[in-house]
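# Topology and contacts: notes
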Amino acid sequence: MSRISAEEVREIAVLARLALTEEEVTRMTHDLGAILGYVDALKELDTATTEPMTHAVPFDCPLRPDQVGLSLSVDEALANAPRREASFFQVPRIVSKGGAGPSEEG
Amino acid sequence: MSEPQIETSAADARLAKYEVVIGLEVHAQLSTKSKIFSWSSAAFGAEPNGATDPICLGMPGTLPVLNEAAVLAAVRLGMAVGSHIRPRCRFARKHYFYPDLPKGFQISQFDEPICEGGTIRFRVRGEQKSVRLERIHMEEDAGKNLHAAAGVSFVDYNRAGVPLCEIVSKPDVRSAEEAAEYLRALRTLVRYLGVCDGNMEEGSMRCDANVSIRLRGAEKYGTRTEIKNMNSFKNVRDAIEYEVRRQATLLDRGERVVQETRLWDASRGVTAAMRSKEQAHDYRYFPEPDLPPLALSEEYLAKARASLPALPEDRFERYTAEGLSAQDASVLVTEREIADYFDATVAAGAAQKGSSVTAKKAANWVINEVLARVDDPRRLAEADLPVSAAALAELIGLVESGTLSGKLGKDVFLRMWNERRSAADIVAAEGLAQVSDTGSIEQACQRVIAAHPDELARYRGGEKKLLGFFVGAVMKETGGKANPKGANEALRRLLDQGN
Amino acid sequence: MASLDIKGARIATLAEGVRSGKLKARELTEAYLDRVKTVDPQLNSYLLIDGAGARLQADAIDKAVASGEAVGPLAGVPIALKDIFVTKGLETTCASKILRGFVPPFDSTVGQRLAAAGTVMLGKLNMDEFAMGSSNENSSRGPVRNPWSLAHVPGGSSGGSAAAVAASLCAGALGTDTGGSIRQPAALCGVVGMKPTYGRVSRYGVIAFASSLDHPGPLGRTVDDVATLMEIIAGPDPRDATSIPAPVGQYRAAAKAGVAGLRIGIPAEYFGAGMDPEIDAAVKAAIDELGRAGAKVVPVSLPHTKYAIATYYLVCTAEAASNLARYDGVKYGYRAQDVRSLEELYTRTRGEGFGLEPKRRIMLGTYVLRSGYYDAYYGQALKVRRKVFDDFATAFTQCDAIVTPTSPIPAFKLGEKTADPLQMYLADVMTVAAPLAGVPALSQCCGFTKAGLPIGLQTIGPPLGEEVVFRVAGAYESRTDWHERLPADPSSSSPNAAAGGVS
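All of these numbers come straight from a predicted model, not from anything done at the bench. (Residues numbered from 1 in each chain as written. Chains lettered and ligands numbered in written order. Predicted model: local features only at pLDDT ≥ 70, side-chain atom pairs only at ≥ 80, totals over all residues.)

### So, the overall build of chain A
- When helices and strands are counted, chain A shows three helices and three strands.
- The proportion of buried residues among the 106 residues of chain A is 33%.
- Long-range contacts, defined as pairs at least 24 residues apart, comprise 37% of the intrachain contacts of chain A with a sequence gap of at least 6. (Helix = DSSP H or I, 4+ residues; strand = E, 2+ residues; numbered from the N terminus. Buried ≥ 20, exposed ≤ 12 C-beta atoms within 10 Å, placed from the backbone. Contact = placed C-beta atoms within 7 Å.)

Okay, structure coming up:
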């Protein structure tokens, strides 16, 4: 009995934008289940008074001066674009207006 | 507004029945030179994809480095609204997939934002209001998607990485009108601080509204919707008003409001639900590993605090206390440059000997003469403005002391503006000093009376209103320089004498 | 072509030769390129050979030397970079289909520093895809084979780097170490490899796998080679906000300073069940040697060692899922054909472009960051990470350096562990703790199994303790000759022959 169901695997694949074959779903269900079972051992530890270690450096965020440096040219920026049109990156039509973040479009 | 009468009264009834609860999220683009985490230009207007670098394009192998000016802007904004500035704050990654988000995550702040709390004060039809803030945090902007031909969209990453402050209010706003005034006040404030130009039409200030309604007196909040795509104060007001009506209609019918994101469609005048199936995002926040926590020292904070200008609401209170009308005070505080210019004029006037430059007088001149002549009020801060605050103060002094008549004063101002000369200069050169000494006025009056025997006879015959004619003639005789009051008195005396 | 004998050549020797004019950089470069052409088809350690670029660099150096101009300290020394370091104008792929064709418009900081020192870059080295793996079998361009035995893996993820150095296909190489990916392949290939202190070497231009765990570092034939490379690449970088602002140490000198008076800690947790007995014996012999060299051997404890793998796989997969979100077919790299919607662009590009191991880790990382799961998994892992760090901090109050085996097993056969990912992960037990804590660690050869496979000895130091690590490693090497042994060149006729053993 895996710690994770095939259904959940499919949900995560959607969140992660990964198209998985049925065979991959089956394999992932097994592999992820085994790994999650293994990492469960961490629950044994009492970490109530332990500070999380998010960074392996003991210093604070450095700041840089507000100076403009050399931009890439439009061609350099687009040189690796899989689909380019004029000076834009091209994607299939975005159906719903507005993203989740701070960009709004009219 | 052209709603049928019946709807309006129904709307009024609904407003009486329901209380509107609004929270506002404003994204302000900071006017730094470079982007928040990389060195390409943050300025508006470059050709598409012409202002990028490997970092803001999210190329593999790149790392963010924090721009000090973005931090200072956020700190000053927080201080200006009375937020608590966290001595240590953290960045976090916010994940979602969208073409304008190059890394597949946005570097933002989650658990420990740079500013917590704060208040925005503003006036709605003369009444003081204040709205509490939840927080202000820093984050990077995304690029822009352009919907192009059938089947394709285009992406421009120029805007990706531009620094933003997200200002989140508590749900203290109670009407669409209040929302618009809140935004206006916020715009004025960010422009005062020089951190953002507050231009909603251009997108340097963007607003999302969380709107819900509840029966008056109810304790629990109603279900809220998030409204996006409002790109002007008017649109914010119209969109919220529409949404309130929409929600009230639903509730009146016994239906429920669905929690969702809706976009304002200004051309149709309605909000419409977004068709995206994944409305509730799991952003999978975690601390940004490429940026250690940001620490702000006491010295840093003290310096930032010392750099704050006098703020709009404080200045408004001071001006009205000094006797200015609310109307005039309002105009003076709309832009920092106007208020600074006004303050400088009053200060220069105070330094003049025998000063008579009052706040009221200075306000008149600044609003009616100076402001009227510039298309952008921010020009008042420019070094090459034709009439400096000190020069204006000098002119006002000359008018108030009687050296110049009021009318002449305005003419002199025009010449000062066009010729970039000081008032004293112009007055001296043209001999425009108002003639006030009684001797010259007396002589001028005698000359005029002598030149108009018929009118003299008619005046003495009872046509007293011919005094005006004589005054005008004396003004003409003296090239407009005679002190009108003095001329008036002298003429009356001379005309009423016997022979 | 030249009869330059470059097998086993040392960086300092080559540099001295070029600087003095006795050796022409161009001849040296041709000798290495020749060797790559002859030997590498059996090993598959190179993904891209930049013959044209290398010749240009070499010629420029010869010209400068001839006209008496100053040249860098490593002028003419041929090196190669793991294909995780972006190289301006040269394809960089992380051995993944999803980055095939990606040509970066910028260089990594470490690549720039090596170029400024005058090295000649021969090309880009094979690796496990996105640095995820311990055997270099996860490459989309085929596995790398161990020069000591073609049927065996070289280790991973810097398998190409370790194999190329072992087979003298470059004089030195750069790799990256996130859970052991420099040290373990160095151990399995009998070369020296160092994972520096986190932040000691800039990550700018290193394609990210797990940001708080990625460590770029050098591989070489000897301790001096690795110390030399470290002196060039280490140091603060304003383009990396996690880069340590401290000045670079004197690593070459430290490697010659000996271990008299140093306390060497031996953690019981690293010696136990599951370890190959030959490795156990070799490492214990090495520890005895260090004792004879003047070090004092003391027992220490790192009690949270058994939780390190679980901690590592939670932290690294969460960060990896995040770092790999940018591969979406929009800006660079692979893009699925005939997609009918934006959704399909994403899911098929990523589904087709990523290999199985990256997909597996993305899935796990996405799972553990979901709201509701964060505290139990990722949140808890960050706290246990702190405990691992504290273990080292405590141990380093009792000793100056810690010595352990690098890997509990020698190189295994190709295909032996690919069926069960968990089994593969468990092989990292001795290398994952150091990157979690950010402490420096180095692996060097300390013997061979009876089958002729190398055995690795690991030295771990306190944060910014590279010098003490080099003291231990240098002292050990000076008293042994494992580093002199070279693998036989594979016979060109049979890539699958289990040609191994010692030359």
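### A word on the interface of chain A and chain B
- Opposite the 41 residues of chain A that make contact, chain B presents 57 residues.
- Of all the secondary structure elements, the ones that give two or more residues to the side of chain A that touches chain B are β1 (63-64), α3 (74-78) and β3 (88-92) of chain A.
- When residues in the side of chain A that touches chain B are grouped by element, the largest group, five residues, is from β3 of chain A.
- Looking at the side of chain A that touches chain B residue by residue, the class counts come to 19 nonpolar, 13 polar and nine charged.
- Alignment of β3 of chain A against strand β11 (residues 152-156) of chain B, held across four bridges, turns out to be antiparallel. By the bridge assignment for β11 of chain B, F89 of chain A is matched with V155 of chain B. (Nonpolar A, V, L, I, M, F, W, Y, C, P; charged D, E, K, R; others polar. Pairing = 2+ DSSP bridges.)

### A short note on the nonpolar core
- Among the nonpolar cores identified, the biggest contains 280 residues, and A74 and A179 of chain B together with V472 of chain C are the most heavily contacted of them.
- By size, the runner-up hydrophobic cluster in this structure holds 37 residues, among which are V346, V357, W365 and L404 of chain B. (Core = buried A, V, L, I, M, F, W, Y, C linked by C-beta atoms within 7 Å.)

### A few points about the pairing of strand β13 (residues 205-215) of chain B
All names here are of chain B.
- Of all the 11 residues making up β13, eight are buried; the element is thus mostly covered by neighbouring parts of the structure.
- The pairing of strand β1 (residues 18-29) with β13 spans 11 bridges and is antiparallel. By the bridge assignment, H27 is partnered in β13 with R206.
- Here β13 runs beside strand β14 (residues 225-230); their pairing, made up of four bridges, is antiparallel. Looking at β14, one finds that N210 is bridged to E226.

### Structural notes on the interface of chain C and chain B
- Listed by partner, the interface residues are 33 residues for chain C and 26 residues for chain B.
- Sorting elements by how many residues they give to the side of chain C that touches chain B places helix α10 (residues 308-323) of chain C first, with three residues.

### Examining the sheet that holds β11 of chain B
- Read from one edge of the open sheet, four strands run β2(A)-β3(A)-β11(B)-β10(B), paired in antiparallel fashion. Because the sheet does not close on itself, it has two edges, and the strands there are β2 (84-85) of chain A together with β10 (144-147) of chain B.
- Of the pairings in the sheet, the one linking β2 of chain A to β3 of chain A comprises two bridges and is antiparallel in character. When the bridges of β3 of chain A are listed, R84 of chain A appears paired with F89 of chain A.

### Some remarks on the environment of D5 of chain C
All names here are of chain C.
- Structurally, D5 can be placed in the segment before α1 (11-20).
- Residue D5 is classed as exposed on the basis of its C-beta count, with 9 C-beta atoms lying within 10 Å.
- Along the backbone, D5 and Y32 are 27 residues apart, and their C-alpha atoms lie at a distance of 9.7 Å.

### Concerning the sheet that holds strand β5 (residues 92-95) of chain B
Residues and elements named next belong to chain B.
- As summarised here, the arrangement of the three strands in space is β6-β5-β17, forming an open sheet in which the pairing is antiparallel. Every interior strand has two partners, whereas the edge strands, β6 (105-108) and β17 (286-287), have only one.
- When β5 meets β17, the two strands line up antiparallel, connected through two bridges. Residue pairing in the sheet places A92 in a bridge with P287 of β17.

### Brief notes about α1 of chain C
Residues and elements named next belong to chain C.
- All of the buried residues along α1 are I11, L14, A15 and V18. Each buried residue of α1 sits inside an arc of 100° when the element is viewed along its axis, so together they form one side. Opposite its buried face, α1 presents the exposed residues E16 and S20, each directed more than 90 degrees away.
- Here the buried face of α1 lies against α2 (25-43), α3 (51-66), β4 (172-177), β6 (215-220) and α7 (223-233).
- The positive-phi residue at the C-terminal boundary of α1 is G21, with phi of around 90°. (Arc of directions from axis to C-beta.)

### A word on the pairing of strand β7 (residues 263-267) of chain C
Residues and elements named next belong to chain C.
- Alignment of β7 against strand β8 (residues 296-300), held across five bridges, turns out to be parallel. Across the sheet, residue I264 finds its bridge partner in β8, namely V297.
- Since β7 and β8 lie parallel, the crossover through helix α9 (residues 277-292) that links them has a hand, and here it is right-handed.
- Bridging between β7 and strand β9 (residues 401-405) involves two bridges; their strand directions are parallel. When the sheet's bridge partners are listed, G265 is paired in β9 with I402. (Right-handed = clockwise from strand over helix to strand, strands pointing away.)

### Regarding the packing of helix α11 (residues 406-419) of chain B against helix α12 (residues 423-430) of chain B
All names here are of chain B.
- The N-to-C vectors of α11 and α12 enclose an angle of 110°; their axes lie 9 Å apart at closest approach. Put simply, α11 runs roughly perpendicular to α12. The two elements α11 and α12 cross, and the hand of that crossing is right-handed. Taken together, the residues of α12 that come into contact with α11 (itself represented by V412, R415 and M416) are A423, I426 and V427.
- Per-class residue counts for the contact of α11 with α12 are five nonpolar, no polar and one charged. (Axes fitted to C-alpha atoms, helices over the stretch in contact; angles between N-to-C directions. Parallel < 35°, antiparallel > 145°, perpendicular 65-115°, else oblique. Left-handed = near helix turned anticlockwise from the far one by under 90°.)

Without other data, these values stay purely geometric and don't point to any function.
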